[in-house]
Amino acid sequence: MKGNAPERLVSGSDDFTMFLWEPAVSKHPKTRMTGHQQLVDHVYFSPDGQWVASASFDKSVKLWNGTTGNLLLLFEAMLVLWSANSRLLLSGSKDSTLKVWDIRTHKLKQDLRGHEDEVCC
């Protein structure tokens, strides 16, 4: 994170929502993030803190602005992992592929094949 920005946290719930928090600023959530159709089972900040990726039982992954909580991108996947430099997002899919997403362009960069069944971790 850059500058003196407050520490941020993100939580996901069985109620299909997420909350973005700044605990040093307020005991109340900064924003409520909605869009998943089933429970949210994973939420991850990118290593640089600019982005949040969420995965849900609805088999979707959503990319959010890590400061505002605004939704930026949606794609079908079951899991999500960040590259160390926060420029790439890796998603695992039911179609047995891993997909590499370029965060700057919001486009699919590469399809990685090799698994014989859905990729879940």
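Computed from a predicted structure; not experimentally measured. Residue numbers run consecutively from 1 along every chain, following the written order of its sequence. Thresholds applied to this predicted model are a pLDDT of at least 70 for local features of residues and 80 or more for the giving and counting of side-chain atom pairs; totals over whole chains, interfaces and linings are not thresholded and use all residues. Just so you know, side-chain values use all the structure's heavy atoms and leave hydrogens and water out.

Asks: How should I be thinking about the sheet that holds strand β7 (residues 71-76) in this particular structure?
Replies: The strands making up a sheet are joined through hydrogen bonds of the backbone, oriented either antiparallel or parallel. Strands sit in the order β4-β5-β6-β7 across an open sheet of 4 strands; the sheet is antiparallel. Looking at strand neighbours, the two that pair on one side only are β4 (40-45) and β7, the edges of this open sheet. Within the sheet, the average angular offset between the axes of one strand and its neighbour, ignoring direction, is 15 degrees. Here the rule is simple: two strands pair whenever DSSP picks up at least two bridges between them. The secondary structure listing takes helices from DSSP runs of H or I that are at least 4 residues long and strands from runs of E that are at least 2 residues long, numbered from the N terminus. In this structure, strand β6 (residues 60-65) lies alongside β7, joined through 5 bridges in antiparallel fashion. Considered in β7, the bridge of Leu63 is made with Leu73. Orientation is described by lines fitted to C-alpha atoms, with helices fitted over the stretch in contact, and by angles between N-to-C directions that extend from 0 to 180 degrees.

Asks: Just checking my understanding: could you explain the pattern of salt bridges for this structure?
Replies: Oppositely charged side chains can pair when the atoms bearing their charge come close. For this document, the term salt bridge refers to a Lys or Arg side-chain nitrogen within 4 Å of an Asp or Glu carboxyl oxygen. Scanning the entire structure with this criterion turns up 4 salt bridges. For Arg113, the salt bridge goes to Asp111, with nearest N and O atoms at 3.7 Å. Burial classes follow relative accessibility: with a 1.4 Å probe on protein chains only, a residue under 20% of its type's maximum area counts as buried, one over 50% as exposed, and anything between as partly exposed. Relative accessible area serves as the criterion here: at 64%, Arg113 is assigned to the exposed category. Using a relative accessible area of 33% as the deciding quantity, one classes Asp111 as partly exposed.

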